[in-house]
Every structure is written in C-alpha cells, then in structure tokens.
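The residues making up each chain are set out below.
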Amino acid sequence: MDKIPILRMGRFLLVTIQVDMHDRLALQLQDDLTERIVKDRAQGVLIDISSLEVVDSFIGRMISNIAAMASVLDARTVVVGMQPAVAITLVELGLSLTGVRTALNVDKGMALLREEVAEAGRA
Amino acid sequence: MAVLESSIHPIHSSEDVVRVRQITRERAVAQGFSLVDQTKIVTAASELARNTLEYGGGGEVTVEVLNDGMRKGVRLTFSDKGPGIVDLDLALKDGYTTGGGLGLGLSGARRLSNEFTIDSKPGEGTRVAITRWR
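Residues numbered from 1 in each chain as written. Chains lettered and ligands numbered in written order. Predicted model: local features only at pLDDT ≥ 70, side-chain atom pairs only at ≥ 80, totals over all residues.

Draft legend 1. Quick look at the overall build of chain A. Per the secondary structure count, chain A includes 4 helices and 5 strands. Listed by position from the N terminus, the elements making up chain A come as β-β-α-β-α-β-α-β-α. With the principal axes as the frame, chain A shows a C-alpha extent of 35 × 30 × 20 Å. Buried positions account for 37% of the 123 residues belonging to chain A. A fraction of 76% describes how many contacts in chain A between residues 6 or more apart in sequence connect residues 24 or more apart. (Helix = DSSP H or I, 4+ residues; strand = E, 2+ residues; numbered from the N terminus. Buried ≥ 20, exposed ≤ 12 C-beta atoms within 10 Å, placed from the backbone. Contact = placed C-beta atoms within 7 Å.)

Draft legend 2. A look at the confidence of the model for chain B. Averaged over all residues, the pLDDT of chain B is 94; the fraction at 70 or higher stands at 100%. Note on the complex model: pTM 0.93, ipTM 0.90. (pLDDT = per-residue confidence, 0-100.)

Draft legend 3. Just the sheet that holds strand S1 (residues 6–9) of chain A, in detail. Residue and element names in this part refer to chain A. One open sheet accounts for 5 strands, arranged S1-S2-S3-S4-S5; its pairing is mixed. Whereas interior strands pair on both sides, the edge strands pair on one side only; in this sheet they are S1 and strand S5 (101–103). Each strand of the sheet is rotated relative to its neighbour by a mean of 25°, with strand direction disregarded. Direction of pairing for S1 relative to strand S2 (residues 12–16): antiparallel, over a ladder of 4 bridges. (Pairing = 2+ DSSP bridges. Axes fitted to C-alpha atoms, helices over the stretch in contact; angles between N-to-C directions.)

Draft legend 4. Layout of the pairing of strand S4 (residues 76–80) of chain A. Residues and elements named next belong to chain A. For S4, the buried fraction is high: 5 of the 5 residues fall into the buried class. The parallel pair strand S3 (residues 44–48) and S4, bridged by helix H2 (residues 57–72), forms a crossover whose chirality is right-handed. As judged from the 3 bridges shared by S4 and S5, these two strands associate in the parallel manner. In the sheet register, Val-79 faces S5, and the bridge partner there is Thr-102. On the question of chirality, the crossover connecting S4 to the parallel S5 by way of helix H3 (residues 84–93) is right-handed. (Right-handed = clockwise from strand over helix to strand, strands pointing away.)

Draft legend 5. Spatial organisation of the nonpolar core. By size, the foremost hydrophobic cluster in this structure holds 61 residues, and its most contacted members are Val-45 of chain A together with Ala-49 of chain B. If near-sequence neighbours (up to four positions away) are discounted, Ala-49 of chain B is found in contact with Ile-11, Val-17, Val-20, Val-61 and Phe-78 of chain B. (Core = buried A, V, L, I, M, F, W, Y, C linked by C-beta atoms within 7 Å.)

Draft legend 6. Geometry of the sheet that holds strand S1 (residues 2–11) of chain B. Residues and elements named next belong to chain B. Spatially, the 5 strands line up as an open sheet ordered S1-S2-S3-S5-S4, and their pairing is antiparallel. Looking at which strands have only one partner, the edges of the open sheet turn out to be S1 and strand S4 (115–120). Between one strand axis and the next, the sheet turns by 15° as a mean value, whatever way the strands run.

Draft legend 7. Looking closely at the packing of H3 of chain A against helix H4 (residues 105–112) of chain B. At a closest axis distance of 8 Å, the pairing of H3 of chain A and H4 of chain B adopts a crossing angle of 120°. Viewed along their axes, H3 of chain A and H4 of chain B adopt a mutual orientation that is oblique. On H4 of chain B, the residues that touch Thr-89, Glu-92 and Leu-93 of chain A of H3 of chain A are Gly-108, Arg-111 and Leu-112 of chain B. Taken together, the residues of the contact of H3 of chain A with H4 of chain B sort by class into 2 nonpolar, 2 polar and 2 charged. (Parallel < 35°, antiparallel > 145°, perpendicular 65-115°, else oblique. Nonpolar A, V, L, I, M, F, W, Y, C, P; charged D, E, K, R; others polar.)

Draft legend 8. The arrangement of the packing of H3 of chain A against helix H2 (residues 35–54) of chain B in detail. Two elements in contact, H3 of chain A and H2 of chain B, have axes separated by 9 Å at closest approach and are oriented at 50°. In terms of orientation, H3 of chain A and H2 of chain B fall into the oblique class. Handedness of the crossing formed by H3 of chain A with H2 of chain B: right-handed. Judged by residue contacts, Ala-85, Val-86, Ile-88, Thr-89, Glu-92 and Leu-93 of chain A of H3 of chain A engage Leu-35, Val-36, Thr-39, Lys-40 and Thr-43 of chain B from H2 of chain B. Per-class residue counts for the contact of H3 of chain A with H2 of chain B are 6 nonpolar, 3 polar and 2 charged. (Left-handed = near helix turned anticlockwise from the far one by under 90°.)

Draft legend 9. Expanded view of the environment of Arg-71 of chain B. Residues and elements named next belong to chain B. Note that Arg-71 resides in strand S3 (residues 71–80). Overall, the presence of 12 C-beta atoms within 10 Å leaves Arg-71 in the exposed class. The spacing of Arg-71 and Arg-134 is 63 residues in sequence and 6.6 Å in space, taken between C-alpha atoms. With sequence-adjacent residues up to four places away left out, Arg-71 is seen in contact with Trp-133 and Arg-134.

Draft legend 10. Here's a closer look at the interface of chain A and chain B. Each side of the interface is counted separately: chain A has 18 residues, and chain B has 21 residues. Elements represented by at least two residues in the side of chain A that touches chain B include exactly H2 and H3 of chain A. Counting residues per element, the side of chain A that touches chain B draws most heavily on H3 of chain A, at 6 residues.

Draft legend 11. Structural view of helix H1 (residues 23–40) of chain A. All names here are of chain A. Helix length check: H1 (18 residues) gives 25 Å between terminal C-alpha atoms against 26 Å at 1.5 Å per residue, within 8%. Considered for burial, the residues of H1 that qualify are Ala-26, Leu-29, Leu-33 and Ile-37. On an axial view of H1, the arc spanned by its buried residues comes to 60°, and they lie on one face. Opposite the buried face of H1, by more than 90 degrees, sit the exposed residues Arg-24, Asp-31, Glu-35, Val-38 and Lys-39. Against S1, S2, S3 and H2 lie the buried residues of H1. (Expected span 1.5 Å × (residues − 1). Arc of directions from axis to C-beta.)

In structure tokens, the structure reads:
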C-alpha cells in the first residue's frame, strides 16, 4: 500500500500531498503523523498542498483532523502552497480550515511555525 | 439546447470517485472553462460522487456536454438507489451531516454550480444534477 512520506525538517515535519487520496490513505497519514509527532517530538507540521488542483471537504476534514490531533500533542499546523483556484473554490464551498494557518510556500510556512512555537514558549 | 455528448460512469469505489473528477475535468477543459470554473465543477463533482458512494451505497453519474446557443456547459447527474433523503431542507443546510462529514457536500455543490436540482425520497434513491456554464 502507498504511504505518504513524512520528512523531518528540524523540529518540524513536512508532508507533501500529491496524489488523489482515498479514505485508507488519508487515515493512514493521520495515524503516521500522530506517531511521528510523538516519536520526533515535533513542534509543528507543514502540509504542502501545492500540487493539489482540487481540495474538497474530504481533504478539508483530513487537514482539520491533522491540525486538531497535532494541537493535542502540542504541535502547530501550517498549510502551504494553496493554488489560487483552490482558494477561491474553498471559500465558495464554505470550507473554513479552522485551527490551520496558511502560508505561500514551505519557507514562509517554516518561518510562521518558528514564530508560533516561540510565542507558545513565551506564554 | 443541445447535448453534444453523454456518458455514464459507475461510482462504486474511491477509485471511481477519482475517475469522476478526471472525466469532469476533461469535459470542462474541452468546453473551454477557465481554471477557476474547472476547479469549481470538479470540486462539486467530487463532493457529490463521494455522497453517492458513502450515503447512496454506490451509483452512477451521467456526464453531459451542453451547447445552448453561445453558452457552453457541462451537466452532471448523480443517481443512486440508496435509502434516499428524509428531510431535504435539513440535508441542504451547511454543516448538517448524518455521516460524520463536514456537511458541506450538497450545499457546497449547489453554491459551486449555476444550476442545481435534487430529487430524493426515502426508499426511492437520490438524483442530484448540477450544471456549470462557461
């Protein structure tokens, strides 16, 4: 069975979603990420959706679940690379990714995560 | 109005849902839809195809390419012989779900389309048709 690779970048984990996901793959990703956040003591998760031309409510729910689960494990989530047509469609679809910040690309996403982690540290 | 092309595709697995997105994309591109319009109809198709699979117990979609004078469009009709919808008004409300989803499938597909019709009765299955014009 295919698995979505999870890369470690310092204190953060990077997941790049490139394929059309079906239920099993989405659930597997959520499980794998949970394990890795704990195992690597990750403080943030970057979800790269720059290859996704369609984000429907199924994917939206997966992203929200990941963010909620990461939050329980004291990690922040940032979604990067949303395509403009996807952004416009998500608004009209009525999908609001609660608890998920967005950034233009991986670099900016990492900067955002570093900020959030630093703030959390000061609180 | 003329139906230039019509094809029927099964929806019985997640792979079929992927295929429905691909076919919808192909037809939208062929009709000259802008990228945003393509994305809207493919996203709406994805929502409705998933509904057909998860709530309808599987079914099919009829994909039609339309020409209406100057207007070019794509119409998708999703049908299943599942349990049907008990309360249509409730089902069309944002956030209402009987299956643990986000409750955006029907209402979202309607917002993303120019035309939307739904026929459903308990015990008689469900038909949802959406049309997007260029």
